[in-house]
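Structural description and commentary
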Amino acid sequence: MKDKKNISKLFLTLLFCFHFSFAYSQVGIIKGKVIDNKTKEIIIGAAVLLDNTSVGILTDNKGEFVIPKVLVGTHKIITSFISYKTKTINHIVVKEGETTLVEIALEAEYNKMDEVVIVSKSNKESENELLRLQKKSLVATQSIGAAELSRKGIGDAESAVSSMSGISKQDGVKNVFVRGLGDRYNATLLNGLPVPSEDPEYKNIALSFFETDIIKNIDVDKVFSVQNNSDVGGAIIDIKSKELIKDYSFGLSVSTGFNTKAIGTNYKKADGFNYFGFANFTNPESGKFNFNNSLDPLVVKLPINESYRLSAGKKFQIGNNVLSFFVVATHASEYSYTEEIVRNTTTDGTVYQDQTGQKYSGKKSQLVLANLNYDIGRSNSISYNFMMLHATNFYIGEYNGKHAERFQDAANDIGYVRRQQVNDNLLFTHQIISKWRLADKWNMNVDASVNQIKGFEPDRRENYLSQKADGTYGLTGSNRQKRFFSELNEQSFNTKFFITYKLTDVLNSANSKISFGYNGHNSTNSFNATEYNFSAISGSYSIDNLLLDKLYNSNNFKDKIFSFTQSYPSTYSVLKNNHSFFVTAAYQISKKLSGLIGFKYDNVDMKVIYDVPGQTDNNTIQTSFYLPSINLKYDINKKNILRLGLSKTYTLPQSKEISPFQYVNIGFASEGNPHIQYSDNYNVDIKWDNYLSSSELMSITIFYKKILNPIGRVDKGNSAGLLTYDNIGKDANVMGIEAEYRKDIFKKKNNDLLTENKLSIGTNFSYILTSTKLNLINTPERISALEGASPFIINADITYHYLKAKKGLTTSLVFNYFGDRIFTIGAMGYQDIIEKGIPTIDFIFSYRLSKMLGIKFKAANFLDPNFQLSRKVSNTNKAITLSQYKKGVNLNVGINIDL
């Protein structure tokens, strides 16, 4: 009896195991794609539900989905998406161990009068989606999206575009060089509309202001069509702000870190701005010493970098229409420190400046971005974008050593200088962007923006002390104790309007159309600057414990221990009107060949009124441009595409450059030139793309530019370091080759275990040649490269990605290198100043603990190379180092929550 009971238990156990094994092994996989039934475009974010279960999933950025571990048998799938009819597919057969493939075509909900145009908003933050759109585009373009920015640990738009082929950043110079062409040859847009610069020295707003928290993607157009801005020669950099992709979102992130150079110092910070960076920019009353800011720096005991981000958004279905909003707010603080060597020489190599110094730099920034979008049916939409951007850059530089021009009253020309500078910039942008369907084949786009920017440089402080024979220091005379205030205000209004008529071509494609439209720009800006010069107070002082507030204060002023004078205010104002009318025609000529031709008429009217010491006058540029463009695309096969771009553009001098206004910056002074002419640019691009897969690419571009009357900044060759602007030659040639390669070394997916294992590399290389025959006063004619043009640029990254269900890690190593390049073109007997090429490496590691929670670590500038400027002496060819420093390594760790 006992044996029978044991046999019965064994039998029941085996039966249970067999049933358990059978139940859990009799499974398969359902895999598919969701598309629009008419346009065949993929639909991202569609909900796919297995009927009579709680199993559901959203389609990814390829419109695809995978449902694993589905029991063997016949099933039903229900698919839904906003503004589409819900679709049920019956009789889906799942077999053991096999994958069942399904394609689901959804039908849009619309009336007969409102035919579908664009079926869904694609996720333009995705690398794969941007590559897909690049493949479809008639004009050669490059894009980088939020996903790639996050993977590479890129912090702002400047670093983002610097990772693209043919683009590099020059340290100490704002913004980027594209194919060897600097700030004046580029144009910066926000959502396709212009934004003004915060600095009178530059044409474009600093790209570093746009942190990646607000960026959906950045389009860089080096090939031009007439619909875009034509005051350009290098690239149009169009920053697209974030908008809501999912039905709702909520995000919160906090990060902290430090610079390895700054963390070990008694970090010095200029007085005069609060925690958020808002500066005190009130000028003193006339004849009174009531400056609000201290001359003595503050000390930050623990210079810790910090960053905070909060975002939220939601979609609402209103009948057949969709209303969505998205808002993001950020705050960040950064600190850095460098120890520098600074030198300068005469033309024969005599060193008249030889100093060492410490520079304490930092930045405070806040940003609020809001997007309100209303989709009216399937064909019409209107959106409002608001952006408030506040950024304050600050630094203190303390330099000690020889400067024969500044310390002429010192023993052996030795002295000490302390420079304190704060730049407080505030930008408000309002944009309306709309798309309308007028009739069966007619569509209209109407966009407009209003921008207001204020740029303050409040109370820049410079104090010079000359060394005495006994080793102590005395305050230097000859206007070497000074304070400087400047203010820039600009308001601009931009309009963009065009109508498109769809043509019928031989293939009945959606590519053929005629467009005509208008771009308008109206801006007014004003700039004023005032300098205060103080007499030197006699006495002997130690620079180790220098307390200038005890010397320069209201009591000593009342007692007439010192005096000060206020300079004649230097001002200029600018009124600029630009009216552009254009027409384009795109046509699918054959199955493989398509083209886009266009013509634009540009009318420019710019008037500058200036009032500077000794001169009150005005200068104008009134001219018209006739600008053609041709772009051809040839699809060799499904993977290989050849493109040709031909265009004419122009480059205007900046408003400050055509007036004799002298702008005094911390390291140099510049003066305008009323005789500058605009440049004409002729552009040729040939590009071959091989789309190896949806995430892989190989491309080669050959380009050539002829620039007539190129504009450059040149040294006037005096001891004050005064720079000016001129047409540096009759013409300039820019040519080169760019290559890009993206490849998945291996990519493994296990749909059953929901795992993904991927190792990928990306690299781009540029070889650029620039040349012009210099035609400058008191400078022998010679062939020179253009300022900032690096012959070699290499960017590369390698990324490993592992995902398991809702957890995953990503780690990347990012490498950048540029070759030696001209920092300043030599003139007046000087040779060129050369910036030494350097490599940089960044390491990024991120780990997602769950669907909502993630952590991230970044080590930037891991190699910490020497930044160095040098110049050869004309008669000996000996190279002398003019500047040298190390930036240190930036270490950062953060945590983020996303719903």
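Across its full length, the chain holds 5 helices and 49 strands. The C-alpha atoms of the chain give a radius of gyration of 31 Å, which matches the 29 Å a tight globule of 899 residues would have. Relative to its 899 residues, the chain shows a buried fraction of 53%. Sequence separation of at least 24 residues holds for 70% of the intrachain contacts in the chain that already meet a minimum separation of 6. Placing the 104 positive and 88 negative side-chain charges of the chain at their respective mean positions leaves the two points 7 Å apart.

For an α-helix, 3.6 residues make a turn, and residues three or four places apart therefore share a direction. Among the residues of helix H2 (residues 127-136), Asn128, Glu129, Leu130, Leu131 and Gln134 are the ones counted as buried. The elements touched by buried residues of H2 are strand S8 (142-145), strand S13 (215-221), strand S31 (640-651), strand S34 (679-690), strand S35 (697-708) and strand S38 (731-750).

Quick look at empty space enclosed by the protein now. Using the criterion set out here, one finds 8 cavities of 30 Å³ or more in the structure. Counting residues per element, the ones that place at least two in the lining of the largest cavity are strand S11 (187-190), strand S12 (193-194), strand S25 (481-502), strand S26 (513-534), strand S28 (570-588) and strand S29 (593-612). In terms of residue class, the lining of the largest cavity is made up of 15 nonpolar, 20 polar and 9 charged. Estimated volume of the second largest cavity: approximately 380 Å³. For the lining of the second largest cavity, the secondary structure elements donating two or more residues are strand S10 (176-178) and strand S36 (711-715).

So, on to the packing of aromatic side chains. Two measures describe an aromatic ring pair: the distance that separates the ring centres and the angle between the ring planes. Considering all chains together, one arrives at 35 aromatic pairs under this definition. Through a chain of ring-to-ring contacts, three or more aromatic side chains come together here, namely Phe289, Phe291, Phe485, Tyr532, Phe534, Tyr552, Phe557, Phe562 and Phe564. The residue whose ring lies beneath Arg179 is Phe703, and the NZ or CZ to ring-centre distance is 4.1 Å. The ring of Tyr464 has Arg480 lying over it, and the distance from NZ or CZ to the ring centre is 5.6 Å.

The next point concerns the nonpolar core. Residues Val161, Ile205, Phe210, Ile214, Ile218, Ile239 and Met387 are the most contacted members of the largest nonpolar core, which totals 34 residues. When residues of this core are traced back to their parent elements, those giving at least two are helix H4 (157-162), S10, S13, strand S14 (236-241), strand S19 (321-345), strand S20 (351-376) and strand S21 (380-403). Once residues lying within four places of it in the same chain are set aside, the contact partners of Ile205 are Asn175, Thr188, Val195, Pro196, Ser197, Glu198, Phe210, Leu389, Leu427 and Ile453.

A sheet is described by the order of its strands in space; here 3 strands give the open sequence S4-S1-S7, paired in mixed fashion. The sheet terminates laterally at strand S4 (64-71) and strand S7 (99-106), the two strands that pair on one side only. The mean angle between the axes of side-by-side strands here comes to 25°, regardless of whether they run parallel or antiparallel. Note: strand S1 (residues 27-36) against S7, 8 bridges, orientation parallel. Residue Val34 lies in a different strand from S7, and its bridge partner there is Ile104.

This part is about the side chain of Asp221. Its place among the elements puts Asp221 in strand S13. This buried residue, Asp221, is left without a salt bridge; Lys240 holds the nearest opposite charge, at 7.5 Å. A polar atom in the side chain of Asp221 sits 2.5 Å from the side chain of Thr141. Discounting residues that sit within four places of it in the chain, Asp221 has contacts with Thr141, Asn228, Gly234, Ala235 and Ile236.

For the coordinates displayed, the defined rule picks out 29 salt bridges. Of the charged contacts, one joins Glu738 and Lys222 as a salt bridge, the two residues approaching to 3.2 Å between their closest N and O atoms. Taken together, the positions of Glu738 in strand S38 and Lys222 in the loop between S13 and S14 put the pair 516 residues apart, joining distant regions of the chain. Among the residues examined, Glu738 registers a relative accessible area of 4% and is labelled buried. Salt-bridge contacts for Arg460 lead to Glu462; the nearest nitrogen and oxygen are separated by 3.5 Å.

A word on unusual backbone geometry. As a rule of thumb, non-glycine residues mostly have phi less than zero, and peptide bonds are mostly trans rather than cis. For His91, which is not glycine, the phi dihedral falls at a positive 60°. Even without being a glycine, Asn191 presents a positive backbone phi close to 55°. One can find Asn191 in the loop between S11 and S12. Looking at Asn191, the relative accessible area reads 13%, which means it is buried.

Here we come to the sheet that holds S12. What holds strands together in a sheet is hydrogen bonding between their backbones, with the strands either parallel or antiparallel. Reading across from one edge, S8-S13-S14-S11-S12 is the order of the 5 strands in this open sheet, with mixed pairing throughout. Each edge of the open sheet is held by one strand with a lone partner, namely S8 and S12. Alignment of S11 against S12, held across 2 bridges, turns out to be antiparallel. Bridged to Leu189 within S12 is Pro194.

Low pLDDT means the predicted coordinates in that region are not meant to be read closely. On average, residues of the chain score 86 in pLDDT, and 92% of them reach the 70 mark or higher. Of all the helices and strands in the chain, helix H1 (residues 2-25) carries the lowest mean pLDDT, 45, while S35 carries the highest, 96. In this model residues 7-24 is a low-confidence stretch, pLDDT under 50, and it forms 1 contact with partners more than four residues away in sequence or in other chains. Overall, residues 110-120 carries pLDDT values under 50, and its contacts beyond four positions in sequence, including any with other chains, amount to 31 contacts.

With 20 bridges connecting them, S29 and strand S30 (residues 615-635) associate as antiparallel partners. Of the residues in S30, the one forming a bridge with Asn603 is Ser624. Counted along the chain from S29 to the antiparallel partner S30, the turn is 2 residues long, and its residue Gly614 has a positive phi close to 90°. Relative to S31, S30 is paired through 7 bridges, and the arrangement is antiparallel. Bridging from a neighbouring strand, Ser629 pairs with Ser647 of S31. Once S30 ends, the chain turns through 4 residues before running back antiparallel as S31.

Parameters and conventions
Residues numbered from 1 in each chain as written. Predicted model: local features only at pLDDT ≥ 70, side-chain atom pairs only at ≥ 80, totals over all residues. Heavy atoms only, no water. Helix = DSSP H or I, 4+ residues; strand = E, 2+ residues; numbered from the N terminus. Rg over C-alpha atoms; globule rule 2.2 N^0.38 Å. Buried < 20%, exposed > 50% of the residue type's maximum accessible area, 1.4 Å probe, protein only. Contact = heavy atoms within 4.5 Å. Lys, Arg positive; Asp, Glu negative; His and termini not counted. Charge placed at Lys NZ, Arg CZ, Asp CG, Glu CD. 1 Å grid on protein atoms, 1.4 Å probe; cavity = no way out; pocket = protein on both sides within 12 Å on 5 of 7 lines; lining within 4 Å. Points joined across faces, edges and corners; volume = space filled by probe spheres on them. Nonpolar A, V, L, I, M, F, W, Y, C, P; charged D, E, K, R; others polar. Phe/Tyr/Trp six-rings, centres within 6.5 Å; stacked < 30°, edge-to-face > 60°. Lys NZ or Arg CZ within 6 Å of the ring centre and 35° of its normal. Core = buried A, V, L, I, M, F, W, Y, C linked by side-chain atoms within 4.5 Å. Pairing = 2+ DSSP bridges. Axes fitted to C-alpha atoms, helices over the stretch in contact; angles between N-to-C directions. Salt bridge = Lys/Arg side-chain N within 4 Å of Asp/Glu carboxyl O. Polar contact = N/O pair within 3.5 Å; in protein donor to acceptor, adjacent residues only side chain to side chain. pLDDT = per-residue confidence, 0-100.

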